[in-house]
Amino acid sequence: MSDGMPTPSRSSRGGRHVAGRAERPPKTPRSPAGRSATTPHRRATPTQEAPRRAAGRVAKTAVAAALMVSVGGFAMAAPSDLTQSPLMADVAGARAQRVASAVAAEQVSTLHRESVVAAAGAAAEQAQTVRTASVTVVPAQTLAKLDQATADLNRLLAAAGAPVAPTSPAPQMTPTPQTSPTPVPASTDPVTAAPTAQPTAGVAEPPPAASAATAPSAAPTPFLSASSAPADATSASAAVLDVLGAVPAQVEDAATKELRTTASRVVDLIAEVTQTVRDQEAAEEATAAADAETTLAAADQEATRAAQRVSLDSYANGRIPASALCELTFAAGAELRCDAAAAIEQLDVAYRGQFGTDLVISDSYRPYASQIACLRTKGSLCAVPGTSNHGLGKAVDLGGGAQSFGTAQHRWLLANAATYGWTLPTWARVGGSKPEPWHWEFVD
């Protein structure tokens, strides 16, 4: 071909025309944007774009499938991994602990209610027993309080489905003799018969505070039986109060609380009635003891007087030594046989209470020599020496108004002296063989 003529191109198998290898333009540097710095960008034709898009979709599909496989494997493995993790184990343990605590609390609540019902029933029985035995010694007002509280308690027991003690008024009768309470078998005891909560496998024990508050005692509670006397009520009520006072936290419903409160009031009233009975018994015992002491003192005094009489029988009239006689506390120098002296001391107390002064004693024990002198000076007014009651230490001559008939002092002595063992002899009275209003003798 000559110069200046266009170079013929070669045709490809697909009918497309492409430049020859020698005729391709040299590569030029690309700009930062990825395009040639001198040659404008050429957009691919639709025929060239289709294969590229197909290849891209295949690649994306493969990547997505790989991601799905990997995610699926993670999802399938996740449950096993999570349940084996420490966090999930703690959550499951806490949930099991809450369930166990709820079950234990329910068990404690049931046992608490059963114990309260049993103790309330025992309190109702005690109330009826104490009321029957103390009806004759306890004020009706106190018994009325006990009756009302017992009626309220029986109403609550009936609502709880428990046996109810009779509340009919007790018959008017004297208290029965005290007898020993009938022992209650351990198997039928109202408190210990309640079942003990047993821990279940996989269930946690109840909280220490709740279980300790409601754990029943191993020994049977000595509740009062129907045949017991009021004296046994205090210890039995104390046992009931121990049961009623054990209140586990957050397990007592309103009905159980009302039953427990009412039963506690009944037990308090039982104690009040029992104390009233005991006070009455103590008063009666004190009176009986005082009476016994008085009787004993009188017996001792009589024995002493008898001994004193016997002890002076060996002495002749007017020959009794001073050591065998007793001086009077209200009359200096006056002496009498000791039993006569004790009697006139009591008479003087009564006389002083009436007149404000003591008895005036002008003569008491008269020795044999004094009897001789009396006869010598007073003549027939004095007895023959050795025969006077003054010589036996059991006669006195009075003054201070009592020495004359008709005075207030003499009339009072006539009315009261015999109470203390002293009298005016018949021969010394008005109209007697030898009237002497001043001469009083002790009657053995």
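Above this text you will find the structure in question.
To keep things clear, this report deals only with the structure shown in the data block.

Criteria and cut-off values
Residues numbered from 1 in each chain as written. Predicted model: local features only at pLDDT ≥ 70, side-chain atom pairs only at ≥ 80, totals over all residues. Heavy atoms only, no water. Disulfide = S-S within 2.5 Å. Helix = DSSP H or I, 4+ residues; strand = E, 2+ residues; numbered from the N terminus. Buried < 20%, exposed > 50% of the residue type's maximum accessible area, 1.4 Å probe, protein only. Phe/Tyr/Trp six-rings, centres within 6.5 Å; stacked < 30°, edge-to-face > 60°. Core = buried A, V, L, I, M, F, W, Y, C linked by side-chain atoms within 4.5 Å. Expected span 1.5 Å × (residues − 1).

### A few points about the state of the cysteines
Now for step 1: Under the definition given, this model contains two disulfides.
Now for step 2: The disulfide partner of Cys326 is Cys338, and the gap between their sulfur atoms is 2.0 Å. Classification of the bridge connecting Cys326 and Cys338 rests on its S-S torsion, roughly 85°, and on that basis the disulfide is right-handed. You can see Cys326 sitting in strand 3 (residues 325-327) and its partner Cys338 sitting in helix 7 (residues 338-355), a full 12 residues away along the chain.
Now for step 3: The class of Cys338 is buried, set by a relative accessible area of 17%.
Now for step 4: Here Cys374 connects covalently by a disulfide to Cys382, the sulfurs 1.5 Å from one another.

### Let's talk about the packing of aromatic side chains
Now for step 1: Under the criterion given, the structure shown has four aromatic pairs.
Now for step 2: Residues Tyr351 and Phe355 carry aromatic rings whose centres are separated by 4.8 Å and whose planes lie at 45° to one another, so their mutual orientation is tilted. Of this pair, Tyr351 and Phe355 both sit in helix 7, separated by four residues, roughly a single helical turn.
Now for step 3: On the numbers, 5.7 Å between centres and 55° between planes, the contact of Trp422 with Phe442 is tilted. With a gap of 20 residues between them, Trp422 in strand 7 (residues 422-423) and Phe442 in strand 8 (residues 439-442) connect regions that are remote in the sequence.
Now for step 4: Overall, Trp422 belongs to the buried group, its relative accessible area being 2%.
Now for step 5: On the accessibility criterion, Phe442 (5% relative accessible area) is buried.
Now for step 6: Pairwise contacts between aromatic rings join Tyr351, Phe355 and Trp412 into one cluster.

### Describing the nonpolar core
Now for step 1: With 29 residues, the main nonpolar core has Leu146, Leu153, Leu157, Val240, Leu244, Leu259 and Val266 as its most contacted residues.
Now for step 2: Residue contributions to this core peak at nine residues, all from helix 2 (residues 86-133).
Now for step 3: Ranked by size, the runner-up nonpolar core spans 24 residues in total, among them Leu336, Ala340, Leu424 and Ala428.

### So, helix 7
Now for step 1: Along its 18 residues, helix 7 runs 25 Å from first to last C-alpha, staying within 8% of the 26 Å computed at 1.5 Å per residue.
Now for step 2: Within the sequence span of helix 7, burial applies to Cys338, Asp339, Ala340, Ala341, Ala343, Ile344, Glu345, Leu347, Asp348 and Tyr351.
Now for step 3: Positive phi appears at Gly356, one or two residues downstream of helix 7, with a value of about 80°.

Purely spatial values, then, with no claim about function.
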